[in-house]
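Chain residues, written in single-letter form:
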Amino acid sequence: MNYLIDIFLIAISAALINNFVLHYFVGICPFIGVSRNIDMAFGMGCAVTFVMAIAAFISWVVTTFILIPGAPVTTFIAGIFLPAEQAKAVDLTILSYIVYIFAIASSVQFVEMYVRKFFPPLYKSFGVFLPLITTNCAILFACLMIMSKVVVDNPAEAWDIGRALVLAIFGGVGFTIAIVIMAGIREELDMCDVPKPFQGAAITLVTAGILAMGFMGFTGVDSGLRKALMPKPVQQASITPVKPDDAGPSLALAHKLVIPQQEQNDK
Amino acid sequence: MSNEPTPLERFIQGIIPENPTYRQMLGLCPTLAVTGNLKSAMTMAGAVLFVLFCANVIVSLIRNILKPHLRIVIFTLTIATFVTIVDRFLAAYMYSMSKALGPYIPLIIVNCIIICRCEVCASKQSVIHAGADAIGQSIGFALGLGSIAAVREILGAGSLLGFHVLPSCWPNWVIMALPPGAFFTFGLLMGTVNWFVSKKEKKQNNA
């Protein structure tokens with residue numbers, strides 16, 4: 001039961017509260033570039049979700065079995081050359097960035113070939129976006145987030161594959177929501193009389209700012225939900241399941257600022 | 001770019017006429033994410049300078065043995081190597097800054113500026129051209145980041161680089177330090193830049 005609640009809260013948190021685009025600012029380039037009409041935006045969102053899930057799976061497997069100290073595969077291979085004590089201490093996390101980007105690039109390539117061969121209609125609808133996705137920061141960001149949850153001091157707290165996949169899929173859903181809303185707004189914007197210097201990217205960014213303000217309204221929903229769902233009242237209600245990482249002073253400030261208000265409301 | 005620009009021209013091109021932030025709109029994730037205050041923005045710009053310079057030089061050195069269909073992979077792996085170096089360096093010598101920048105340092109790998117410069121410039125030109133181009137683009141990037149960060153820090157916290165510049169009666173516009181503030185500031189600054197550019201062009205056309 002606790003596991004299900006955990007999964008549910010991770011999903012809500014990834015899709016709405018800590019929306020990848022509007023909270024962490026990753027995947028801004030397609031958000032500005034491909035949000036001209038709703039169909040294309042939706043195709044892009046689906047492609048990102050798809051690749052993100054695959055990349056998350058690969059990165060979880062690679063991190064757990066190869067990169068972290070004491071990982072089974074590494075320990076086995078290093079055990080051939082080194083005594084068991086040292087083999088357990090081999091830490092390959094320094095290679096993680098190179099491994100992740102390589103995994104993403106190759107999985108995108110394979111997904112593209114596979115989809116083109118076996119699902120031609122699907123390829124027609126979002127195949128064109130696939131090569132673009134390699135350099136989409138949202139994918140690498142999801143991998144890094146999973147890595148930060150797997151590489152922890154206490155092995156019992158490390159995330160399992162289910163949590164990692166849920167984070168990736170709902171992160172992608174959050175991206176899709178944001179980009180589709182944006183595309184809807186931009187279709188209307190085309191009919192508006194925007195001052196000339198602001199046409200194009202500038203007005204899109206200002207609109208995104210208003211959208212981000214709207215999504216800020218979700219802050220604290222997860223701690224409230226956790227309180228409501230957990231059988232026993234948790235001591236520290238302000239701890240969110242996906243902890244707001246220290247991503248820049250601005251975000252740290254955001255949580256400091258919002259959480260006290262939330263607690264007041266709860267009282 | 002038909003007639004070969006000199007290294008100096010390349011250097012100047014990157015700062016204002018082809019400013020990566022305002023004119024080319026590349027590398028927007030760090031632009032929005034780390035500009036909460038000027039210090040983190042400048043650290044980010046420094047990291048990008050190092051990675052872009054090293055990647056450009058390396059790519060330029062190996063440009064003759066690059067296979068066309070493998071080039072993107074080579075670029076990415078080169079960049080990833082240097083980003084790992086920067087990341088370890090920051091974690092060792094500027095620990096609090098490394099914590100604050102968090103995942104945005106590794107995200108330099110997929111920053112479009114660097115891949116774009118490798119592709120457009122470094123894979124076709126000599127080492128000196130590539131190096132000058134990298135430094136010019138990085139300074140342009142630093143200017144873009146710095147302008148946004150300065151506006152956000154002054155309005156959001158009333159300070160600049162930690163020193164108070166506005167009187168203490170200033171009600172801090174907290175929204176400027178939060179995610180929406182980044183979008184607003186960047187959007188409005190971009191509009192302003194576009195306005196200046198169009199005004200300048202009009203003047204040139206009239207003259």
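Residues numbered from 1 in each chain as written. Chains lettered and ligands numbered in written order. Predicted model: local features only at pLDDT ≥ 70, side-chain atom pairs only at ≥ 80, totals over all residues. Heavy atoms only, no water.

Some remarks on the pattern of salt bridges
- For the structure on display, the rule yields 6 salt bridges over all chains.
- The partner of aspartate 87 of chain B in a salt bridge is arginine 88 of chain B, with the nearest N and O atoms 3.2 Å apart.
- The exposure class assigned to aspartate 87 of chain B is buried, which follows from its relative accessible area of 8%.
- Assessed through its relative accessible area of 43%, arginine 88 of chain B is described here as partly exposed.
- Linking arginine 117 of chain B and aspartate 133 of chain B is a salt bridge whose minimum nitrogen-to-oxygen distance equals 3.0 Å. Of this pair, arginine 117 of chain B sits in helix α6 (residues 112-122) while aspartate 133 of chain B sits in helix α7 (residues 127-157), and the two are 16 residues apart along the sequence.
- Counted as one network, the salt bridges with shared partners bring together Asp6, Asp160, Arg163 and Arg226 of chain A. (Salt bridge = Lys/Arg side-chain N within 4 Å of Asp/Glu carboxyl O. Buried < 20%, exposed > 50% of the residue type's maximum accessible area, 1.4 Å probe, protein only. Helix = DSSP H or I, 4+ residues; strand = E, 2+ residues; numbered from the N terminus.)

A look at the side chain of threonine 176 of chain A
Residue and element names in this part refer to chain A.
- Tracing the backbone through its elements, the reader meets threonine 176 in helix α10 (residues 161-189).
- Threonine 176 sits in the buried class, given a relative accessible area of 10%.
- Ignoring anything within four residues of it in the chain, the contact list for threonine 176 reads Phe42, Gly45, Cys46 and Thr49. (Contact = heavy atoms within 4.5 Å.)

Re the confidence of the model for chain B
All names here are of chain B.
- Per-chain confidence: chain B averages 83 in pLDDT, with 98% of residues scoring 70 or above.
- Put simply, helix α1 (residues 7-15) is where chain B has its lowest mean pLDDT, 75, and helix α3 (residues 38-61) is where it has its highest, 90.
- Interface confidence in the predicted complex, given as ipTM, is 0.81; pTM for the same model is 0.80. (pLDDT = per-residue confidence, 0-100.)

So, a nonpolar patch on the surface
All names here are of chain A.
- Judged by side-chain polarity, Phe65, Ile66, Val73, Phe76, Ile77, Ile80, Phe81 and Leu82 come together as a nonpolar surface patch covering roughly 800 Å² of accessible area.
- Breaking the nonpolar patch down by element, the ones donating at least two residues are α3 (38-67) and α4 (72-81).
- Looking at which element gives the most residues to the nonpolar patch, the answer is α4, with 5 residues.
- Tracing the sequence through the fold places isoleucine 77 in helix α4.
- For isoleucine 77, a relative accessible area of 45% gives the class partly exposed. (Patch = residues over 30% accessible without salt bridge, like charges linked within 9 Å, V, L, I, M, F, W, Y side chains within 5 Å. Areas by Shrake-Rupley, 256 points an atom, 1.4 Å probe, with all protein chains shown as cover.)

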